[in-house]
Number of protein chains: 2
Amino acid sequence: MTGSHTLAETESQVASRLQGQPIDFSGMAVVSNLFRAANAVRNHLERTVLAQHNLSWTAFVVLWVAWVWQESETRMIAEESGISKATLTGVLKTLEKLGFTTRRRSEKDGRLVIVGLTAKGEALMRRLFPEFNKHESELAAVIPEGRRDEMANHLRAMTIYALTSDQ
Amino acid sequence: MTGSHTLAETESQVASRLQGQPIDFSGMAVVSNLFRAANAVRNHLERTVLAQHNLSWTAFVVLWVAWVWQESETRMIAEESGISKATLTGVLKTLEKLGFTTRRRSEKDGRLVIVGLTAKGEALMRRLFPEFNKHESELAAVIPEGRRDEMANHLRAMTIYALTSDQ
DNA sequence: GAGAGATTGTTTGGATACGAACAAAATGTA
DNA sequence: TACATTTTGTTCGTATCCAAACAATCTCTC
């Protein structure tokens, strides 16, 4: 969406397909740029930081959550990572094969699975996260310093709205 | 990330894993909330608007680009949609099976493939896009009206930075 | 304590998603 | 005109990603 075309060109094209119908172009720009940004940032970080460790974006996020919160239940990891539990099963299989995570049944509740990091996983994250954060910092630097927290808050507000207005 | 935990809790956990190393928490919050928002918004719109037409997010975006710009070359659609050409081949196969798009070789350049919408595809988009935009509008409404265009511009700036700092 | 109901992680099936290798076509160069 | 180079869309292999169905386990109620 709106890749190489200007905003005005795109709006003009859309308007010509829908004579008379009112369109919220600001809302459209927010949502479409949200996705272009997320896509571009994910691909950028995957190529520059993650690929050399055989990590996908999602695999890194899952590893990050397990690293930060330690010995976590899968349902919590799935929620924190923003992925479904079905997806998590597959990602954990990958991370286990790479030797970064471990899985064990909970003794207290036989339904739960507890995820932990191996020594290799711990060592990786101690090196990788600071490097990853440096790239995050560079990306966020395109936003004026006084606006970054506000930006994060607005994104958070959109997330909450999307999650709570589903039914 | 940072699903149910507070920001302060998360920062405290991260700091405890990396004694001494400086971390840019504002940059971290921007990037992580960017992804939570994009994920949540995509899933929300897929469930509420797109699923009833058997459209995934990506399929809708591709259809939207072909609808707005009409008779487009696939390389242009891929770029505008923010996906690889390999992915586009698969998505177009799906859209063609659903009867929304057509494909034909360019007469001028035998390498190119031109994508167009069927009458069914046109009719769908004339109805579907205004409905989709209404949801976009509701999502963007969580941002103060005077900040929406600024937000879109900041997201656009991040996209450009990510795309141009790859090598 | 027995059985209905709820919760959890996995499997299944289908659709993305990418890079790399590829074949076809166009372009540049000698 | 040959022929190397570039461009384009597809195929291949692998990894996500989700909803729905499922089996195992726990909880609640009587």
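Look a little higher up for the structure.
The structure reproduced in this document is the subject of the present report.

A word on the protein's contact with DNA strand C
Part 1 of the argument: If you check the shell around DNA strand C, you find 24 residues, and the closest are Thr74(A), Arg75(A), Arg103(A), Ser56(B) and Thr58(B).
Part 2 of the argument: The side chain of Thr74(A) places a nitrogen or oxygen atom 2.3 Å from a phosphate oxygen of DNA strand C.
Part 3 of the argument: In the model, a base oxygen of DNA strand C is placed 3.2 Å from a nitrogen or oxygen of the Arg111(A) side chain.
Part 4 of the argument: Where the surface near DNA strand C is concerned, the elements lending two or more residues are helix 2 (25–50), helix 4 (74–81) and helix 5 (85–97) of chain A together with helix 5 (85–97) of chain B.
Part 5 of the argument: A per-element tally of the surface near DNA strand C places helix 5 of chain B first, with 5 residues.
Part 6 of the argument: Its residues assigned to classes, the surface near DNA strand C comprises 6 nonpolar, 9 polar and 9 charged.

Remarks on the interface of chain B and chain A
Part 1 of the argument: With 75 residues of chain B at the contact, the number on the chain A side is 74 residues.
Part 2 of the argument: Roughly 7,700 Å² is buried in total at the junction of chain B and chain A, and carbon and sulfur atoms are behind 65% of that figure.
Part 3 of the argument: Linking chain B to chain A there are 2 salt bridges.
Part 4 of the argument: Put simply, Arg147(A) and Glu150(B) hold a salt bridge, and the shortest N to O gap is 2.9 Å.
Part 5 of the argument: Counting residues per element, the ones that place at least two in the side of chain B that touches chain A are helix 1 (7–17), helix 2 (25–50), helix 3 (57–69), helix 4 (74–81), helix 6 (119–140) and helix 7 (148–164) of chain B.
Part 6 of the argument: Here the element with the most residues in the side of chain B that touches chain A is helix 2 of chain B; it accounts for 19 residues.
Part 7 of the argument: Classifying every residue of the side of chain B that touches chain A gives 37 nonpolar, 21 polar and 17 charged.

Some details on the protein's contact with DNA strand D
Part 1 of the argument: Near DNA strand D there are 22 residues, and of these Thr58(A), Thr87(A), Thr74(B), Arg75(B) and Arg103(B) occur at the shortest range.
Part 2 of the argument: The contact atoms of DNA strand D, taken as those within 4 Å of the protein, divide so that sugar and phosphate hold 75%.
Part 3 of the argument: Contact distances for DNA strand D include 2.6 Å between a phosphate oxygen and a side-chain N or O atom of Thr94(A).
Part 4 of the argument: Among the elements that make up the surface near DNA strand D, the one with the highest residue count is helix 5 of chain B (4 residues).
Part 5 of the argument: Here the surface near DNA strand D is built from residues that sort into 5 nonpolar, 9 polar and 8 charged.

Conventions and cut-offs
Residues numbered from 1 in each chain as written. Chains lettered and ligands numbered in written order. Predicted model: local features only at pLDDT ≥ 70, side-chain atom pairs only at ≥ 80, totals over all residues. Heavy atoms only, no water. Near = heavy atom within 4 Å. Polar contact = N/O pair within 3.5 Å; in protein donor to acceptor, adjacent residues only side chain to side chain. Helix = DSSP H or I, 4+ residues; strand = E, 2+ residues; numbered from the N terminus. Nonpolar A, V, L, I, M, F, W, Y, C, P; charged D, E, K, R; others polar. Contact = heavy atoms within 4.5 Å. Buried area = accessible area lost by both parts, 1.4 Å probe. Salt bridge = Lys/Arg side-chain N within 4 Å of Asp/Glu carboxyl O.

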